[in-house]
Amino acid sequence: MRASIVGGVVIAALVAIALVLPGLRRELIEDVTWWDAEPTDPATLPPATGPGLVPAAHTRVVLIDGLGENVAALLPAWQSVCHRGLAMTVDVGFPTISLPVEVALWSGLTQQQTGIVTRSGGKPGAYGRPLVPPLGASAIPAQVPGSIAIAEDHGWIVRSLGFSHVEPAADPNNPTKDLEPKAWDARWQDVAAQAVASDAKLVFVHVLRVDNTGHKAGVGEAYVRAAMSADALLARLVAADPGARWFVLSDHGHVASGGHGGAELAVRHVAGCIAGPGVVAGRAELVHVVDVSRALADSTGARLDRGSMGRPITAAVAVPLAPDQAVPPLTLSRGAAAIFLVLVGLGLSVWSVRRWWFAPWWFAIACASLYAIRGEPTLSMRMVYSATGREMYLTWLPALALAAVTTWLGARRVSPLRIVTAQLAIPFAVTAAAMAACGAWPVVFGAELAPVVPRYTAWMIALLLMASHGAAVVALAALARLVLRAFGRPSPPEPPRSEPAADA
């Protein structure tokens, strides 16, 4: 009876966990996409010194949002500008989301230094979360009187950057939406060309069509057509002020199926160039987006925040980055907490696994299946943000059958508590460790923070769903064995009865 009570309590706890974890996963996805993170130390760039750009009368910046490096190589106007200037590959840092990358571009501070990591949605009816107030006096735009920013759409991004004049204006009823978007779409290119041809010292034009197409259709023919269209606009803008100093940039690429946010090289490394007065033509290796920010500051006469790691462009070119040098490392405290949780899970597993087949092989197979079929989860993948996670869990459904069979057979030999621990200690510990590595535990208890770190955040979101499914299947198998024990026992034999005495 006591064993049955303990087993019932364990099963009830597992059912509760299985029900709670999917909701927790959805809440964490919302936090990842909505809130800011705690500012932390950035990745370290190699030190370098050298002369910067001299100020220019006109600085013009065209950023084609979402343009990958391989497609930029196909664009004639882009290549024409870059061949007469300094062409370079730019590491935009992590995460690869438009607003945080552009904040880094105009402030000189990385995503880790500002804590601005996404703000791209996450709330019903919201297109994003603009900075309120916008970037202040320490950023470049506010230091350049009369600075102008023009966006094709998603104007909330450029409205966050501190420019003196920004179009399109915000919808007064919803600041994340643009005012009269259809009318703006018809005239915005003319407005951008007029701004470029004006006497303004700094003009920024933000082109969104490539990114919009990448999200809808992936990197295919439609994406290339959108890039060609953006390139035609670039040619028109350069012709409006050919003597200006031009910065031609992107803020991230896309994975093949469409999406960005992760640390993949194809998303994080983009093409860029600087051309015009005072720029020597050439080809640079990998520089950081904050190095480009330093070049913008030098070009406009602005001064970056004291905390900026941006290096003079000549120095950055002379001392290029290693391919993953801009990816921020895991902090020591979070790494230690994650390792401790994994060790606890291993200890419980050693205690509970009496035979080799008691081990949680289902979990190893589930993780391997997800990796082999869908690839390593990253913040660039739609499946990571899916409310149901169907694309992910279809890969590990067969592994759940193994969890059920192992639990059913194991419960014949050991207590429900022991077999449940054998099947779930490591999956739960690894999930908890991923949450610790991301800094997600304060979020669970109500903190309004974005638990965004390279690799671990995407795995955390996948593991929460995997752990939920594992808990549900193990609970059902253990319950079936418990019911069989209670109701499937043979009835005890009746005691022998004496025969009645025969009549004399």
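As the structure is a prediction and not an experimental result, all values here were calculated from the model.

A.B. asks: I'm lost on the overall build of the protein in this one. Help?
C.D. replies: Counting its secondary structure elements, the protein contains 20 helices and 10 strands. Projecting the C-alpha coordinates of the protein onto the three principal axes gives extents of approximately 135 × 50 × 40 Å. Counting every position in the protein, which comprises 504 residues, the buried fraction comes to 56%. In the protein, of all internal contacts separated by at least 6 residues, the share reaching a separation of at least 24 is 78%. Roughly 21,900 Å² of accessible area belongs to the protein as shown, and the carbon and sulfur atoms make up 62% of that amount.

A.B. asks: Would you mind going over the sheet that holds strand 2 (residues 86–91) with me for this structure?
C.D. replies: Strands pair in a sheet through their backbones, by hydrogen bonds, and they do so in one of two ways: parallel or antiparallel. Taken in spatial order, the 8 strands of this open sheet run 4-3-7-1-8-9-2-10, and their pairing is mixed. On the outer flanks of this sheet lie strand 4 (165–167) and strand 10 (282–288), each paired with one strand and no other. For this sheet, the mean angle separating the axes of adjacent strands, direction not counted, is 15°. Note: strand 2 against strand 9 (residues 269–275), 6 bridges, orientation antiparallel. Residue pairing for strand 9: L86 is matched across the bridge by I274. Contacting strand 1 (59–64), strand 3 (148–151), strand 4, strand 7 (202–207) and strand 8 (245–249), helix 8 (residues 181–197) runs over the sheet at an angle of about 150° to strand 3.

A.B. asks: Got a minute to help me understand the pairing of strand 9 in this structure?
C.D. replies: Here is the key point about a regular strand: its side chains alternate between the two faces of the sheet. The element strand 9 is extensively covered by neighbouring structure, given that 7 of its 7 residues are classed as buried. Residues H269, A271, C273 and A275 point to one face of strand 9 and V270, G272 and I274 to the other, with burial holding for every one of them. Bridge count for strand 8 against strand 9 is 3 bridges, and the pairing is antiparallel. Considered in strand 9, the bridge of V248 is made with C273.

A.B. asks: So what exactly am I meant to see when it comes to empty space enclosed by the protein here?
C.D. replies: Sizing a probe to match a water molecule and rolling it over the atoms shows the empty space that remains. Within this structure, the stated rule accounts for 2 cavities of 30 Å³ or more. Approximately 60 Å³ is the volume found for the largest cavity. Lining the largest cavity, in full, are L63, V90, V92, V101, L105, L249, S250, D251, V289 and V292. Each residue belonging to the lining of the largest cavity can be placed in one class, and the counts come to 8 nonpolar, 1 polar and 1 charged. Taken as a whole, the second largest cavity spans an internal volume of roughly 40 Å³.

A.B. asks: Sorry, what's going on with the state of the cysteines here?
C.D. replies: Put plainly, two cysteines are in a disulfide when a covalent bond ties their sulfur atoms together. Within the structure shown, the criterion is met by 1 disulfide. In this model C82 forms its disulfide with C273; the gap between the sulfur atoms is 2.1 Å. An S-S torsion of about -70° defines the bridge between C82 and C273 as left-handed. Taken together, the positions of C82 in helix 3 (residues 76–83) and C273 in strand 9 put the pair 191 residues apart, joining distant regions of the chain. A disulfide-free cysteine, C367 has its sulfur positioned 15 Å from the sulfur of C438, the nearest such atom. Assessed through its relative accessible area of 17%, C367 is described here as buried. Overall, C438 belongs to the buried group, its relative accessible area being 2%.

A.B. asks: Whenever I open this one, helix 9 (residues 209–217) confuses me. Can you help?
C.D. replies: Given 3.6 residues per turn, any residue in an α-helix points the same way as the ones three and four places further on. The set of residues buried in helix 9 consists of R209, V210, D211, T213 and G214. Packed against the buried residues of helix 9 are strand 1, helix 8, strand 7, helix 10 (221–240) and helix 16 (382–385). Of the residues flanking the end of helix 9, it is G218, one or two places downstream, whose phi is positive at about 75°.

A.B. asks: Quick question: what am I supposed to make of the packing of helix 9 against helix 10 here?
C.D. replies: The geometry of a pair of packed helices is captured by two quantities: the angle between their axes and the separation between those axes. Relative orientation of the contacting elements helix 9 and helix 10 amounts to 175°, with a least axis distance of 8 Å. In terms of orientation, helix 9 lies roughly antiparallel with respect to helix 10. Seen from helix 9, the contacting residues are R209, V210, T213, G214 and A217; seen from helix 10, they are A222, Y223, A226, A227, S229 and A230.

A.B. asks: Is there a simple way to think about the packing of helix 8 against helix 10 in this case?
C.D. replies: With their axes 8 Å apart at the nearest point, helix 8 and helix 10 run at an angle of 30° to one another. When the axis of helix 8 is compared with that of helix 10, the two are roughly parallel. Two packed elements cross with a definite hand, and for helix 8 against helix 10 that hand is right-handed. Contacts from W188, Q189, D190, A192, A193, V196 and A197 of helix 8 reach helix 10 at L233, R236, L237 and A240. Among the residues making up the contact of helix 8 with helix 10, the classes are represented as 8 nonpolar, 1 polar and 2 charged.

A.B. asks: Before we go on, may I ask you to explain the layout of surface pockets in this structure?
C.D. replies: Of the voids in this model, the largest pocket is the one considered here, and its volume is about 540 Å³. I97, S120, D211, H215 and H260 are, among the 25 residues lining the largest pocket, the residues nearest its centre. Elements supplying a minimum of two residues to the lining of the largest pocket: helix 4 (98–107), helix 7 (155–158), helix 9 and helix 16. In terms of residues, the lining of the largest pocket owes the most to one element, helix 9, which gives 4 residues. For the lining of the largest pocket, the class distribution of residues is 9 nonpolar, 13 polar and 3 charged. Volume-wise, the second largest pocket comes out at about 310 Å³. Lining the second largest pocket are 24 residues; nearest its centre among them are T40, R334, C438, V452 and V453. When residues of the lining of the second largest pocket are traced back to their parent elements, those giving at least two are helix 5 (111–114), helix 18 (416–438) and helix 19 (441–444). Looking at the lining of the second largest pocket, the element that brings in the most residues is helix 18, giving 4 residues.

A.B. asks: Can you walk me through a nonpolar patch on the surface in this structure?
C.D. replies: Side chains of I339, V342, L343 and L346 sit close together on the surface and give an oily, nonpolar patch of about 350 Å² of accessible area. Inspection of the secondary structure assignment puts L346 in helix 14 (residues 332–352).

A.B. asks: Looking at this structure, how should I read the side chain of H469?
C.D. replies: Inspection of the secondary structure assignment puts H469 in helix 20 (residues 456–487). A polar contact is formed between the side chain of H469 and the side chain of W396, at a distance of 3.1 Å. If we ignore the near neighbours within four places in the chain, the residues touching H469 are Y393, W396 and L400.

Thresholds applied
- Each chain carries its own residue numbering, running from 1 in the written order of its sequence.
- A pLDDT threshold of at least 70 governs which residues receive local features in this predicted model, and a stricter bar of 80 or more applies before side-chain atom pairs are shown or counted, although totals over entire chains, interfaces and linings include all residues.
- Neither water nor hydrogens contribute to the side-chain values; these are computed over all heavy atoms in the structure.
- Helical segments are the DSSP runs of H or I of at least four residues, strand segments are the runs of E of at least two, and each set is numbered from the N terminus.
- Throughout, exposure labels follow a simple rule: accessible area from a 1.4 Å probe, protein chains only, divided by the maximum for the residue type, with under 20% read as buried, over 50% as exposed, and the rest as partly exposed.
- Contact between two residues is taken to exist if any of their heavy atoms lie within 4.5 Å; hydrogens are not considered.
- Accessible surface is estimated by sampling points in the Shrake-Rupley manner with a 1.4 Å probe; for residues, cover comes only from the protein chains shown.
- Two strands qualify as a pair provided DSSP detects at least 2 bridges between them.
- Axis lines are fitted to C-alpha atoms, over the contacting stretch for helices. Their N-to-C directions set the angle, which ranges from 0 to 180 degrees.
- Both site types are read off a 1 Å grid over the protein atoms alone. A 1.4 Å probe that fits but cannot get out defines a cavity, while an open set with protein on both sides within 12 Å along at least five of seven lines defines a pocket; lining residues have an atom within 4 Å of a point.
- Grid points are joined across faces, edges and corners, and a volume is the space filled by probe spheres set on the points.
- Each residue is assigned to one of three groups, with Ala, Val, Leu, Ile, Met, Phe, Trp, Tyr, Cys and Pro labelled nonpolar, Asp, Glu, Lys and Arg labelled charged, and all others, Gly among them, labelled polar.
- The term disulfide is used for any two cysteine sulfur atoms that are within 2.5 Å.
- Oblique is the label for any angle not under 35 degrees, not over 145, and not in the 65 to 115 range, which are roughly parallel, roughly antiparallel and roughly perpendicular in turn.
- Helix crossings get a hand from a simple test, with the near helix turned counterclockwise from the far one by less than a right angle marking a left-handed crossing and a clockwise turn marking a right-handed one.
- The residues that make up patches have over 30% relative accessible area and no salt bridge, and they are joined within 9 Å when like-charged or within 5 Å when they are Val, Leu, Ile, Met, Phe, Trp or Tyr.
- The term salt bridge refers to a side-chain nitrogen of Lys or Arg lying within 4 Å of a carboxyl oxygen of Asp or Glu.
- We call two N or O atoms a polar contact when they sit within 3.5 Å, provided that within protein one can donate a hydrogen and the other can accept it, with sequence-adjacent residues counted only if both atoms are side-chain atoms.

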